[in-house]
Amino acid sequence: MTVLETLLRGIRTHEGALRRTPLAPGEEYAVPVGSPLVLCGVVSGEVDVAGERLPAGGVAMIQPGATVTVRAGDAGAALLVCGYRSRGGGVRLTSALPPAAVVAPDDPDCVVLLELLDRGCDGPAVVTDRLLDWLLTCTLNAWFATHAPERPGWFAALADPVVGPALEALHADPARRWTVEELAARGGSGRAAFAKRFRELVGDAPLAYLRSWRMTLAAEYLADPDVTVGAVARRVGYSDAFTFSAAFKRERGVAPSTVRA
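These remarks concern the structure in this document. Please read these numbers as outputs of a predicted model, since none were measured by experiment. (Residues numbered from 1 in each chain as written. Predicted model: local features only at pLDDT ≥ 70, side-chain atom pairs only at ≥ 80, totals over all residues. Heavy atoms only, no water.)

**Some remarks on empty space enclosed by the protein**
Evaluated as defined, the whole model comprises one cavity of 30 Å³ or more. Of the pockets and cavities examined, the largest cavity occupies roughly 90 Å³. Together, 13 residues line the largest cavity, and Gly57, Val59, Val103, Cys110 and Thr139 are the ones closest to its centre. Only α3 (108–119) and α4 (125–146) provide two or more residues apiece to the lining of the largest cavity. It is α4 that contributes the most residues to the lining of the largest cavity, four residues altogether. (1 Å grid on protein atoms, 1.4 Å probe; cavity = no way out; pocket = protein on both sides within 12 Å on 5 of 7 lines; lining within 4 Å. Points joined across faces, edges and corners; volume = space filled by probe spheres on them. Helix = DSSP H or I, 4+ residues; strand = E, 2+ residues; numbered from the N terminus.)

Right, dumping it as structure tokens:
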């Protein structure tokens, strides 16, 4: 099983939603500010997303908080089906993509999937969630296959015999108080050699990467209004909400309450 296949296994949407959006020639659709992760598929016609042309079968994955407008081509109408995915895993992969990741179709099955999504807009939630999982999996597979230079350092490092086991450990238990020595031991390496190799492959020091990863997870957890800031803090390794909030603001530039709002 490849690294990508392993990470894709964690994808399972909960409380997703679908919206069918027909566009007249030249008409625009602005992704609502504050939306969760959005997948906009082109069922028919052609659109422009963030300066990129997207024909039928194409998908744009738009990150939470990104301001993106989808515009139908002047030559004809277009039909979008947009999936709003509030939570459900896969954050390790989705957080690696740009604010608007555009994937052009390279498989005729993509158009079939989008047609199924279009017909499923009024279907039961369990069907909507599984279709969104399928679409997200296809989109991520296509993006990682065609954007090798843009893959994050940790993605390739997962296959490294020294750094890979440490990354897997950090991802599996981000709340643990890891030390560099413990992480180095995962790959059978000494502290200094491990730290050097980790920085070379990942682009950051081990504990700095851990801090960043914790805040990536925290941003996803904060999207759930039923989870308190204190509970989010504990999930990512902080003993209280105050300490977590200060760390989150240093890392992200905004307070957790701003993200939640």
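So, next bit.
**Examining the sheet that holds strand β1 (residues 17–23)**
Whether parallel or antiparallel, the strands of a sheet pair through hydrogen bonds between backbone atoms. The five strands lie next to each other as β1-β8-β3-β6-β9, forming an open sheet whose pairing is antiparallel. Each end of this open sheet is capped by a strand with a single partner; those strands are β1 and β9 (100–103). Averaged over all pairs of adjacent strands, the angle between their axes in this sheet comes to 20 degrees, without regard to strand direction. Note that strand β3 (residues 37–44) and strand β8 (residues 78–85) share seven bridges and pair antiparallel. Across the sheet, residue Leu39 finds its bridge partner in β8, namely Gly83. Those strands touched by α3 are β1, β3, β6 (59–62) and β8, and its axis lies near 105 degrees from that of β3. (Pairing = 2+ DSSP bridges. Axes fitted to C-alpha atoms, helices over the stretch in contact; angles between N-to-C directions. Contact = heavy atoms within 4.5 Å.)

Everything listed here is a matter of geometry and, on its own, says nothing about what the molecule does.
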